[in-house]
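Structure assessment
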Amino acid sequence: MTSSVRREVVIGVDVGTTAAKVVAFEVGPDEPGDPLSTGIREYPLIRPRSGWRVQDPTAVTTGTVAALRECVEGLVAVGREPVDVIALCVSTAMHAVIGFDEQARPLTPIVTWADARARDVARELRATPLAAQLQRTSGTPVHSMAPLTKLRWFALHEPGLAVSATTWAGLKDLILHALTGRLVTELSSASGTGLLDIATRSWDPEAVGLAGLLPQQMPPILATTEALPLADAVAREVGLPAGTPVVVGAGDGPLGNLGTGALRRGVAGLSLGTSGALRLVVDGPYADPSGRLFCYALTDDRWVVGTPISNGGAVVRWARDVFVADRPGAPARQPPEAAPEVTDAEVLELAAAVPPGAEGLVMLPFLLAERGPLWDADVRGAFLGIRQHHARGHFIRAAVEGVAFQLATILDGLDEVTPVTSIHGTGGVFRSDLWREVLAAVLGRPLVVTAGAEGTALGAAALGLLAVGRARTLEQAVETLSPGILEEAGHDATIVASEADSAAYRAARVSAKGRLEDLRASADLLAGPASRTPDP
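Values in this document were obtained by computation on a predicted structure and should not be read as measured data. (Residues numbered from 1 in each chain as written. Predicted model: local features only at pLDDT ≥ 70, side-chain atom pairs only at ≥ 80, totals over all residues. Heavy atoms only, no water.)

Considerations on the pairing of strand β5 (residues 83-92)
For β5, a buried count of 9 out of 10 residues is recorded, marking the element as mostly surrounded by other parts of the structure. Where strand β1 (residues 7-15) lies against β5, 9 bridges are found, and the strand directions are parallel. What sits directly across from Val-9, in β5, is Val-85. Relative to strand β14 (residues 245-251), β5 runs parallel, the two being bridged by 4 bridges. From the neighbouring strand, Thr-92 faces β14, where its bridge partner is Gly-251. (Buried < 20%, exposed > 50% of the residue type's maximum accessible area, 1.4 Å probe, protein only. Helix = DSSP H or I, 4+ residues; strand = E, 2+ residues; numbered from the N terminus. Pairing = 2+ DSSP bridges.)

Topic: a nonpolar patch on the surface
Together, Trp-318, Val-322, Leu-367 and Leu-368 make up a nonpolar patch on the protein surface, roughly 330 Å² of accessible area in all. Tracing the sequence through the fold places Leu-367 in the loop between β19 (362-364) and β20 (382-384). (Patch = residues over 30% accessible without salt bridge, like charges linked within 9 Å, V, L, I, M, F, W, Y side chains within 5 Å. Areas by Shrake-Rupley, 256 points an atom, 1.4 Å probe, with all protein chains shown as cover. Salt bridge = Lys/Arg side-chain N within 4 Å of Asp/Glu carboxyl O.)

Some points on the packing of helix α10 (residues 252-259) against helix α15 (residues 455-467)
At a minimum axis distance of 7 Å, the contact between α10 and α15 shows a crossing angle of 85°. Taken together, α10 and α15 sit at an angle that is classed as roughly perpendicular. Every residue of α15 that contacts α10 at Asp-252, Leu-255, Gly-256, Leu-258 and Gly-259 is listed here: Gly-455, Thr-456, Leu-458, Gly-459, Ala-460, Ala-462 and Leu-463. Here the contact of α10 with α15 is composed, by residue class, of 6 nonpolar, 5 polar and 1 charged. (Axes fitted to C-alpha atoms, helices over the stretch in contact; angles between N-to-C directions. Parallel < 35°, antiparallel > 145°, perpendicular 65-115°, else oblique. Contact = heavy atoms within 4.5 Å. Nonpolar A, V, L, I, M, F, W, Y, C, P; charged D, E, K, R; others polar.)

Side note on the packing of aromatic side chains
Applying the stated rule across the entire model yields 10 aromatic pairs. With a centroid separation of 5.0 Å and an interplanar angle of 45°, the aromatic rings of Phe-154 and Trp-168 are classed as tilted. One end of the pair, Phe-154, is in helix α4 (residues 147-157); the other, Trp-168, is in strand β8 (residues 167-169), and 14 residues separate them in sequence. Per residue, the accessibility class of Phe-154 equals that of Trp-168, and both read buried. Both rings, one in Phe-323 and one in Phe-383, keep their centres 6.2 Å apart while their planes meet at 80°; by these two values the pair is edge-to-face. Separated by 60 residues along the polypeptide, Phe-323 in helix α11 (residues 313-323) and Phe-383 in strand β20 bring together distant segments of the chain. You can call Phe-323 partly exposed: its relative accessible area is 22%. Taken together, the ring pairs connect Trp-52, Trp-153, Phe-154 and Trp-168 into an aromatic cluster. In this structure, Arg-117 packs its charged tip against the face of Trp-52, placed 3.5 Å from the ring centre. Seen from the ring of Trp-153, Arg-117 lies directly overhead, with NZ or CZ sitting 5.0 Å from the centre. (Phe/Tyr/Trp six-rings, centres within 6.5 Å; stacked < 30°, edge-to-face > 60°. Lys NZ or Arg CZ within 6 Å of the ring centre and 35° of its normal.)

What to know about the sheet that holds strand β15 (residues 267-272)
Sheet architecture is open: 7 strands sit in the order β17-β18-β16-β15-β21-β22-β23, paired in mixed fashion. Each having just a single partner strand, β17 (294-297) and β23 (493-495) make up the two edges of the open sheet. Here the strands of the sheet are splayed against their neighbours by 25° on average, with no regard to which way each runs. Sheet analysis places strand β22 (residues 447-449) next to β23, joined by 3 bridges and oriented antiparallel. What sits directly across from Val-448, in β23, is Thr-494. The sheet contacts of α10 involve β15, β16 (276-282), β17 and β18 (303-309), and relative to β16 the element is tilted by about 70°.

What about the nonpolar core?
Ranked by size, the top nonpolar core spans 84 residues in total, and within it Leu-272 and Leu-407 carry the most contacts. At 13 residues, helix α13 (residues 392-417) tops the list of elements feeding residues into this core. Counting 42 residues, the second-largest nonpolar core is a separate cluster that includes Val-9, Leu-68, Ala-104 and Leu-228. (Core = buried A, V, L, I, M, F, W, Y, C linked by side-chain atoms within 4.5 Å.)

Let's talk about the side chain of Lys-150
By the secondary structure assignment, Lys-150 is in helix α4. The buried charged residue Lys-150 lacks any salt bridge, with Asp-115 as its nearest oppositely charged partner at 6.3 Å. Once residues lying within four places of it in the same chain are set aside, the contact partners of Lys-150 are His-95, Val-97, Val-111, Thr-112, Trp-113, Asp-115, Ala-118, Ser-144 and Met-145. (Lys, Arg positive; Asp, Glu negative; His and termini not counted.)

Structural notes on α15
Taking 1.5 Å of rise per residue, the 13 residues of α15 would be expected to cover 18 Å, and the 18 Å separating its terminal C-alpha atoms lies within 8% of that figure. α15 sits mainly inside the fold: 12 of its 13 residues count as buried. Turning to α15, its buried residues number three or more, namely Gly-455, Thr-456, Ala-457, Leu-458, Gly-459, Ala-460, Ala-461, Ala-462, Leu-463, Gly-464, Leu-465 and Leu-466. The inward-facing, buried residues of α15 abut β1, β2 (19-26), β5, β14, α10 and α16 (474-481). Backbone geometry just after α15 places Gly-469 at a positive phi near 80°. (Expected span 1.5 Å × (residues − 1).)

Observations regarding unusual backbone geometry
Pro-373 follows Gly-372 through a cis peptide bond whose omega is -5°. Tracing the backbone shows Pro-373 in the loop between β19 and β20. Non-glycine residue His-95 carries a positive phi angle of around 75°. Topologically, His-95 is positioned in the loop between β5 and β6 (98-100).

Side note on the side chain of His-394
Position of His-394 relative to the elements: it lies in helix α13. With residues near it in sequence (within four places) discarded, His-394 still touches Val-354, Ala-358, Glu-359, Leu-361 and His-389.

Brief notes about the pattern of salt bridges
Inspection of every chain in the model, using the stated rule, returns 18 salt bridges. In this structure, Arg-117 engages Asp-115 in a salt bridge whose closest nitrogen and oxygen atoms are separated by 2.8 Å. For the pair Arg-117 and Asp-115, one class covers both residues: buried. Where Arg-302 meets Glu-475, a salt bridge forms, and the shortest distance between an N and an O atom there is 3.0 Å. Here Arg-302 is found in the loop between β17 and β18, whereas its partner Glu-475 is found in helix α16, with 173 residues between them in sequence.

If you want it as structure tokens, here you go:
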């Protein structure tokens, strides 16, 4: 006999740079926080030219729909009571740009956040007083990542396309159109464009004009909690009822804070994998006077301030390839191709044998074109303080510590907004004890390692619950899906560094500044006599 009990499910649709991940969560689950079903589809990040990083819109939309279908099929295969999907909610990577024709067909590839073609445009704008004004109005620093600079690049280099496109929009808007047939955006994604007036929650006419566009070329802005009906054709393809609410959702960064429980006052969210970000939820839009922090919306009255970094765990992967080409201890003459690949754990073992502070060696970890907090894609990396006793373990440890020092500079800025009392961390690097210990000591706050890997999708699902009236607050929504997530007990571990280690890293940060100042004389020598300032 078939049970008449039906389980209620909410689905988070997380569309990232290289994959779409769709995760279903039970409302009031028996096993809190565990997804009922997951669908994943990967797609390529294309490099057509140096510095360009684009995606095929069709590959991304078909991949997203296929991942949604896989997730729904997984719900059916669970084989228990029938399920009711009460809502979908969408998260996407931010800062992409796509031109659409009058029938909402893409005219361009998806120009992703990682695309640096607008580097020169951003550099020129940053050299003018207008940059500070744009940042104050939009909450988004001027950088090649921002759609403002990408659109200005199109206006300068492909002016015919810039004016002929009926609408210029982003990745979220592409996905919403694929699911619902509506070409619209939402407040969170709009707040990351550099084109929004965060005070009025509307497009800034001056920024839109600077981008070379007309106001009518911008999509309508919806609240992140607004819902649109799932289109009939998509519903049939994925196996859901037509008209299922599709909550437009927010950007992946703000939803990452929600999904890891970094929501309360003074609790920062740290996501750190290949790249990373440190963010703090605040109660309204905030334009950082220093220009170092972004400000993006989560909902109309909850915003996120913080900074992304391009150089996270990728720095250690680079150090592995450079300093540990063969397995530690392998015979010196053994050809690298004959040796098994060195694991990250083996590389970090070398670093763990070196004391905190890497005995005076400091790395500036700017290997990839950097984002915050300097917002200068041209800044280059360096090792400072090299001495004869420094071995490869020192260089690897300095790479880990260099990333942590950069995050500490972001934390300094967040403290000026709201004193940070603890940090919720998620991402691949937290599998390493060394990464955990270094980050906790450098940042100097209790570091709570989140229990799940579904952070952004869980955040999207929680926002979906709020949107359809199944929760009164964001806190209640995320607690419904993952009880205890707002508390330390709801996570894998809490790391509190020793005062000795924290003091060693505070001293290392101070010494790094001194080492940079010491290099000024060396820089003059290298540049030659013509660059020297005459003695008075």
